[in-house]
Amino acid sequence: MKKIKLKMFFAVILCAALVVLIHGYIHMLSLCAVLGEGYVYSDNMRNIDMSECEIEKVFYTDKNQDDLLYIAGLNEGIVRNMVYRKMYASVCGGQDGEEGDGVVGEVPVMFKKAVPENVFDEALNVYIKIYGDIRCFPVPKDVGAGVETPYDDSWNSARDYGGDRKHEGTDIMAANNTRGYFPVVSMTDGVVEKKGWLELGGYRLGIRSPGGAYFYYAHLAEYAEGIEEGAQIKAGTVIGTMGDTGYGKEEGTKGKFDVHLHMGIYCDYNDEEVSFNPYYVLKSADRFKKEFVP
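Fair warning: this is a prediction, and the values are worked out from it, not measured in the lab. (Residues numbered from 1 in each chain as written. Predicted model: local features only at pLDDT ≥ 70, side-chain atom pairs only at ≥ 80, totals over all residues. Heavy atoms only, no water.)

### Thoughts on the pattern of salt bridges
In step 1: Within this structure, the stated rule accounts for 6 salt bridges.
In step 2: One salt bridge connects lysine 195 with glutamate 228, and the closest N-O pair in it is separated by 3.3 Å. Note that lysine 195 is positioned in strand β8 (residues 190-198) and glutamate 228 in the loop between β10 (214-223) and β11 (232-233), a separation of 33 residues in sequence.
In step 3: On the accessibility criterion, glutamate 228 (45% relative accessible area) is partly exposed.
In step 4: Linking glutamate 199 and lysine 249 is a salt bridge whose minimum nitrogen-to-oxygen distance equals 3.3 Å. Of the two residues, glutamate 199 is situated in the loop between β8 and β9 (202-208) and lysine 249 in the loop between β12 (238-242) and β13 (260-269); the sequence distance between them amounts to 50 residues.
In step 5: For lysine 249, a relative accessible area of 71% translates into the label exposed. (Salt bridge = Lys/Arg side-chain N within 4 Å of Asp/Glu carboxyl O. Helix = DSSP H or I, 4+ residues; strand = E, 2+ residues; numbered from the N terminus. Buried < 20%, exposed > 50% of the residue type's maximum accessible area, 1.4 Å probe, protein only.)

What follows is the structure in structure tokens.
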């Protein structure tokens, strides 16, 4: 009698486990239904950020070079798991985190199986396109007067000039608020794709990196000599100086806001440029600043 009860007990436990597993899998599939063709346009996809721990895992510094070296190709497993965790947190409404921190940790295998391969590949490509070509921070360190260039995560915050819109970049401020004081350098190798005046961006440059990401530098006070559309640029090359141009239809408008560099980063998807949060990209490159003496 005891053996029969014991068998029934284990049978009930097994059935309950199967029900939970099947229900969980169906639930996961329904959650993953949002990962369709349009998912890459959502704020979740655009705001896939890297924590400092993740940055350390993907990047390393060669002590013999003043350079940021990308090793995602050597650490594909780390990068793939990282992207899966970001997707899982976004789709399931949870908080993303590192393994062992009590937040998310590993992504369920059934989630990985449910994610459409093309969607995952696109997410992975976003990382590679952007982080793969970064070599330095866009504003050099002032080793003379020691003026700071603070910045915070203002991506996707509200803006009202030119109508209701979202901020598609990170603002790197000049603590002395002096136009033309700080040089601006290219974060990557690349080709100058756009140059000229924009009402919102003032004097701006758009540089296409080898991996395909578009790096947008706005509100420049002036351009460096020789920076023209079609020009090949090496990472660390001075492309202009930090300013306060823009927010005016008339070319040359300035003084409408404090001196800063608006740094924007975009990736092409289906012939459309999609905004990516530059804040964590800048954090990853912050310790790779060039130096200048004013």
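This is not the end of the story, as more comes after the structure.
### Quick word on the side chain of aspartate 171
In step 1: Note on placement: aspartate 171 falls in strand β6 (residues 170-173).
In step 2: Within polar-contact distance, the side chain of aspartate 171 engages the side chain of histidine 260 at 3.5 Å.
In step 3: Excluding its chain neighbours within four sequence positions, the residues that come into contact with aspartate 171 are Pro150, Tyr151, Asp152, Ser154, Arg159, His260, Leu261 and His262. (Polar contact = N/O pair within 3.5 Å; in protein donor to acceptor, adjacent residues only side chain to side chain. Contact = heavy atoms within 4.5 Å.)

### Some points on the nonpolar core
In step 1: Grouped together as the largest cluster of nonpolar side chains are 47 residues, with contacts concentrated most on Ile130, Met187, Tyr217 and Leu261.
In step 2: If you list the elements that add at least two residues to this core, you get α4 (76-92), α6 (117-131), β8, β9, β10, β12, β13 and α7 (279-285).
In step 3: Element by element, the count of residues in this core is highest for α6, at 7 residues. (Core = buried A, V, L, I, M, F, W, Y, C linked by side-chain atoms within 4.5 Å.)

Interpretation note: all reported values are geometric properties and have no functional meaning in isolation.
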